[in-house]
Each structure stands twice: as C-alpha cells, then as structure tokens.
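What the coordinates show
Below, each chain spelled out in residue letters.
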Amino acid sequence: AQTVTQSQPEMSVQEAETVTLSCTYDTSESNYYLFWYKQPPSRQMILVIRQEAYKQQNATENRFSVNFQKAAKSFSLKISDSQLGDTAMYFCAFPGNTGKLIFGQGTTLQVKP
Amino acid sequence: DAGITQSPRHKVTETGTPVTLRCHQTENHRYMYWYRQDPGHGLRLIHYSYGVKDTDKGEVSDGYSVSRSKTEDFLLTLESATSSQTSVYFCATRDRDRPYEQYFGPGTRLTVT
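As a starting point, this report considers the structure included with it. In this text the structure is predicted, and so the values were computed from the model without any measurement.

Between chain B and chain A, the contact holds 25 residues from the first and 17 residues from the second. Buried surface at the junction of chain B and chain A, summed over both partners, amounts to about 1700 Å²; 54% is from carbon and sulfur atoms. When the buried surface of chain B facing chain A is broken down by residue, L43, Y100 and F104 of chain B rank first, second and third, together holding 32% of it. Our enumeration of links across chain B and chain A arrives at zero salt bridges. Our count for the contact surface shared by chain B and chain A stands at five residue pairs in polar contact (both at pLDDT 80 or more). Listing elements by their share of the side of chain B that touches chain A, those giving two or more residues are strand 4 (31-38), strand 5 (42-51), strand 9 (87-94), strand 10 (102-104) and strand 11 (108-112) of chain B. Considered class by class, the residues forming the side of chain B that touches chain A number 12 nonpolar, nine polar and four charged.

Written as structure tokens, this is what we have:
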C-alpha cells in the first residue's frame, strides 16, 4: 500500500529561523513525484515544492528546500528565514494510481514574531 | 492558476437531506477529483473522474455519488447527509499528460446538523 506519514502534528518556529518538517512515504514505484502543499487559513491548497524521484538533486524554491532520501523514503521540507506568512498547515503528498494524491496527516506550523 | 471554482463555498444542512456540491473548471483537464479534509487525516479521495461519464471510487466513497456529464463540471452528491460527512471538500483537476501538476479549488465547508 502507498502511504504518507507526517509525524509532527504541530511545530513552531521564531521568525527568521529555520524549521524542518518531516515526511516519510512508502511505495514500490521507482519513478514518482513528491509534493509539499501549504494550506494557509484561507484554506487554499498551494503547491510549495515538488521533487522528481529520479533526480538526485534536492529541489529548491526560494526559501523552501527539500531533503530527499530515496532509499530511506524520506522527504523533509526545510523553510529558511521563516516569515509570519509561512504560518499554515503543510501537507506532504504522493501521487497514487490515476494521479490521485495521497496526503499525509499534515503539520501545523506557527511562526512566532 | 487553473480556473477551478466550487459552489457553494459554505453550506449548512440537516441530517437526511440530499446535498450536491459543484466543481467547475475552465482548463479542459481530463482528470477531476473530489477529496475531503478532516483533522488528523489530511485529504482523502472520495471519487475521481478520468473523462466524461467515466468515474471511479476512492478510499472514502461510501455515502457519496458523482456525475460528470461534461468536461468542465464534476458534481458530488450526498444522497442523505449524515453528521460524519461534516467536512471541507476540495475539488482538484489534472491534465492527462502532466501528472506533477494538480490544481485545487477553494474548498467547500459543509456542516451537517
């Protein structure tokens, strides 16, 4: 079965500091994508970053980067220079059959001033 | 962003009444999905469509039905709403040839009293 696990229900970080959100997954596929979505209080699902499994280089989008460990099936999100606008729920996701997304349980991140 | 709208955005209904949620897209995407979001579960797939009149069940499909009579519209129906169906519902779409890009609507908050 394909599963995604986020073991940190809640996290907090001081503004301008760095925080890492953890995600592990399970799949028998060899080529796939992994995603991090942000859901602010507005409820809109926003794609933050994606990683293609066949690429060894970790994806980076401005202050957001991932640590992708394929053998360990780990896909963590690092947010550098945290900003108040980063306060949101973050979901790790993995596409299953027919393109449906399998989501982790989510991590609520609070950025404190 | 893809043009995906959901209606209504908020709804309160009573147990036992039928409810229909609508998802409308302007991107001509082949695949459409309905997810529900609940605390501690992330987003879970209810039903999906891979073309006009082609639909299939997701992992939490009991109590729900869907219809897709044209490319742009995907309807989710709760035949007889129950309190366990109180949730936030998201529609998403995906182009056939771009499995790494799934676009989400703004969500519908449904409360069943």
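Another aspect to go through is the packing of aromatic side chains. Considering all chains together, one arrives at 20 aromatic pairs over all chains under this definition. Both rings, one in Y33 of chain A and one in F35 of chain A, keep their centres 6.3 Å apart while their planes meet at 20°; by these two values the pair is stacked. Ring centres 5.7 Å apart and planes at 90° place the aromatic pair F103 of chain A and Y35 of chain B in the edge-to-face group. Note that F103 of chain A is positioned in strand 11 (residues 101-103) and Y35 of chain B in strand 4, a pairing that runs across two chains. Overall, Y35 of chain B belongs to the buried group, its relative accessible area being 0%. What links up through ring pairs into an aromatic cluster is the set Y33, F35, Y37, F91 and F103 of chain A together with Y31, Y33, Y35, Y48, Y50, F90 and F104 of chain B. Looking at R94 of chain B, its charged tip hangs above the ring of Y31 of chain B, at a distance of 4.1 Å from the centre.

Cis geometry marks the peptide bond from S7 of chain B to P8 of chain B, where omega comes out at -5°. Relative to the helices and strands, P8 of chain B resides in the loop between strand 1 (4-7) and strand 2 (10-13). For A16 of chain A, which is not glycine, the phi dihedral falls at a positive 80°. Here A16 of chain A is to be found in the loop between strand 2 (10-14) and strand 3 (19-21).

Residue and element names in this part refer to chain A. The pairing of strand 3 with strand 9 (residues 74-79) spans three bridges and is antiparallel. When the sheet's bridge partners are listed, V19 is paired in strand 9 with I79. In terms of strand pairing, strand 8 (residues 64-69) meets strand 9 through six bridges, oriented antiparallel. By the bridge assignment for strand 9, S65 is matched with K78. Here strand 8 hands over to strand 9 after four residues, with K73 in that stretch at a positive phi of 55°.

So, about the nonpolar core. Here is a general trend for soluble globular proteins: nonpolar side chains tend to be buried in one another's company. All names here are of chain A. Counting residues in hydrophobic clusters, the biggest one holds 26 residues, and the most contacted among them are W36, F75, L77 and Y90. Going through the elements one at a time, strand 3, strand 5 (33-39), strand 6 (46-52), strand 8, strand 9, strand 10 (88-95) and strand 12 (107-112) are the ones with two or more residues in this core. With four residues, the single largest contributor to this core is strand 10. Every residue in contact with L77, bar those within four places of it in the chain, is listed here: V19, T20, L21, W36, I49, F64, S65, V66 and Y90.

What counts and what doesn't
Residues numbered from 1 in each chain as written. Chains lettered and ligands numbered in written order. Predicted model: local features only at pLDDT ≥ 70, side-chain atom pairs only at ≥ 80, totals over all residues. Heavy atoms only, no water. Contact = heavy atoms within 4.5 Å. Buried area = accessible area lost by both parts, 1.4 Å probe. Salt bridge = Lys/Arg side-chain N within 4 Å of Asp/Glu carboxyl O. Polar contact = N/O pair within 3.5 Å; in protein donor to acceptor, adjacent residues only side chain to side chain. Helix = DSSP H or I, 4+ residues; strand = E, 2+ residues; numbered from the N terminus. Nonpolar A, V, L, I, M, F, W, Y, C, P; charged D, E, K, R; others polar. Phe/Tyr/Trp six-rings, centres within 6.5 Å; stacked < 30°, edge-to-face > 60°. Buried < 20%, exposed > 50% of the residue type's maximum accessible area, 1.4 Å probe, protein only. Lys NZ or Arg CZ within 6 Å of the ring centre and 35° of its normal. Pairing = 2+ DSSP bridges. Core = buried A, V, L, I, M, F, W, Y, C linked by side-chain atoms within 4.5 Å.

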